[in-house]
Amino acid sequence: MPYKCARCKRQTDIESARGIKCPYCGHRIFLKERGGGVKRVDVR
Amino acid sequence: MMVPVRCFTCGKPVAAEYEEYVERVDEGEDEEEVLDDLDVDRYCCRRMLVSHQELVDTVAPYQ
Amino acid sequence: MEFEVENIEGDGRRAAFVVRGATPAFVNGVRRAMLADVPTMAIDTVDVYENTSVIFDEVLSLRLGLVPLTTDLEGYELPEECSCEGEGCTGCEVSVLLDVEAEDEDTTVYSGDLEVEDPEIEPAQDGIPIIDLKPDQAVVLEATARLGRGRDHAKNQGATAAAYKHLYRAVEDGGGGEDVLRGYVETLDGDVVDMSEYDGRVSEAFDDDVGFETVDDAFVFEVESDGSYEAEQMVSEAALSLSERAEELADTIAT
């Protein structure tokens, strides 16, 4: 699952970021990246 | 965020009028006259334009 | 039932007319048919390929759904009445594409940017703002538009205003009484005048001793459409749907 560090914007894997911490800058907030593929939305 | 496409109450599409409304009011025209001129007659539709706050620029930096 | 319809006004999206010889129940049936039964075309499902804007896919889809599309009842069937049994075929759905990228300046995506596969169907207004894009943001999607009814979703409500009231008639020696009247009034000569031409003031439109009464079997109808139909077509579609349902009821009772 691709995540992005909220401060340095670099991509990380949440598994490799041990204890939810950015391996590059140490920031502890992550943003989830938009999943690939098509998203179907019903207009209801 | 963005202007509602239709009036919540009656369903009249009002969004297309919003940009002209803002422009003309900024130029100092009277809101009442602008709304009358744009054929936004009912008060349900009028409040849609009058009370709208554009927020896209405020949220933009947060992705 | 027989009645007379007399047009007073009509310019595309708005219409006003007088129906004579009808009952309140019938006229209300037409009104409700316009709001809930006449099918209109609207975007129903959206496949989002890319959306890097600040607006969620769901919000964007709802906004697209609310855009009125011109409706062609000859060319399309309601999905539940279509021969494909709701599977989706060219007889009941059209695809709509939207592909906009803001390169290096702020861009607003308008309903006019929607590309509909069928030239008969297009957004009723081109100037409806859908989303604002900042530089490098893009939206790519493919949507499917289908017919639907106002009773199922507000986006399919073709009439934004459908209202009627009794016709007022001027009578001699009525002794005045009214100072201000709104809407349409029948004069002593039988013409129907729009009181807004006189700013509603009775003293300007009539003589002093004229009074007013309601005509029990005459109704003034005012209709405004959202652009999916011309107002006049909207009324006839409503009347048609009413008579179709009456026939269906008669058939059901007969069997």
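Refer to the structure above for everything that follows.
Here is what the cut-offs are and how they apply
Position labels on residues start from 1 in each chain and follow its written sequence. Whichever chain is written first becomes A and whichever ligand is written first becomes 1, with later ones labelled in order. Under the rules for a predicted model, residues below a pLDDT of 70 receive no local features and side-chain atom pairs below 80 are neither given nor counted, while totals for whole chains, interfaces and linings still include all residues. Only heavy atoms go into the side-chain values, all of them from the structure, while hydrogens and water stay out. Between buried and exposed lies partly exposed: a residue is buried under 20% and exposed over 50% of the maximum accessible area for its type, with that area taken using a 1.4 Å probe on protein chains only. Where helices and strands are cited, they refer to DSSP runs of H or I of at least four residues and of E of at least two residues respectively, numbered from the N terminus. The contact rule is simple, with two residues in contact once any of their heavy atoms fall within 4.5 Å. By this definition, two strands are paired if DSSP reports at least two bridges between them. Axes here mean lines fitted to C-alpha atoms, for a helix over just the part in contact, with angles spanning 0 to 180 degrees between N-to-C directions. Salt-bridge detection follows one rule: a side-chain nitrogen of Lys or Arg within 4 Å of a carboxyl oxygen of Asp or Glu.

## Some words on helix α2 (residues 57-66) of chain C
At 3.6 residues per turn, the α-helix brings residues three or four places apart onto the same side.
Turning to step 1, where the next piece is worked out: With seven of ten residues buried, α2(C) lies mostly within the body of the structure.
Turning to step 2, where the next piece is worked out: When α2(C) is considered as a whole, its buried residues turn out to be C:Asp57, C:Leu60, C:Ser61, C:Arg63, C:Leu64, C:Gly65 and C:Leu66.
Turning to step 3, where the next piece is worked out: Those residues of α2(C) that are buried are in contact with β4 (39-42) of chain A together with β3 (40-51), β4 (93-101), β7 (129-133) and β8 (138-148) of chain C.

## Digging into the sheet that holds β4(A)
Turning to step 1, where the next piece is worked out: Spatial strand order, β4(A)-β3(C)-β8(C)-β4(C)-β6(C): five strands in an open sheet with antiparallel pairing. Unpaired on one side and paired on the other, β4 of chain A together with β6 (115-116) of chain C mark the two borders of the sheet.
Turning to step 2, where the next piece is worked out: Strand direction decides the pairing type here: β4(C) and β6(C), joined by two bridges, are antiparallel. Pairing of C:Val96 across the sheet is with C:Val116, part of β6(C).
Turning to step 3, where the next piece is worked out: Taken strand by strand, α2(C) contacts β4 of chain A together with β3, β4 and β8 of chain C, and its axis lies near 150 degrees from that of β3(C).

## Digging into the pattern of salt bridges
Turning to step 1, where the next piece is worked out: What the rule picks out here adds up to 25 salt bridges over all chains.
Turning to step 2, where the next piece is worked out: C:Glu213 is the salt-bridge partner of C:Arg169, the closest N and O atoms lying 2.9 Å from each other. Note that C:Arg169 is positioned in strand β9 (residues 159-171) and C:Glu213 in strand β12 (residues 211-225), a separation of 44 residues in sequence.
Turning to step 3, where the next piece is worked out: Ionic pairing is found between C:Glu204 and C:Arg201, a salt bridge with its closest N-O pair at 3.0 Å.
Turning to step 4, where the next piece is worked out: Given a relative accessible area of 48%, C:Glu204 falls into the partly exposed group.
Turning to step 5, where the next piece is worked out: Among the charged side chains, a network of salt bridges with common partners joins B:Lys12, B:Asp41, B:Arg42, C:Arg14 and C:Glu224.

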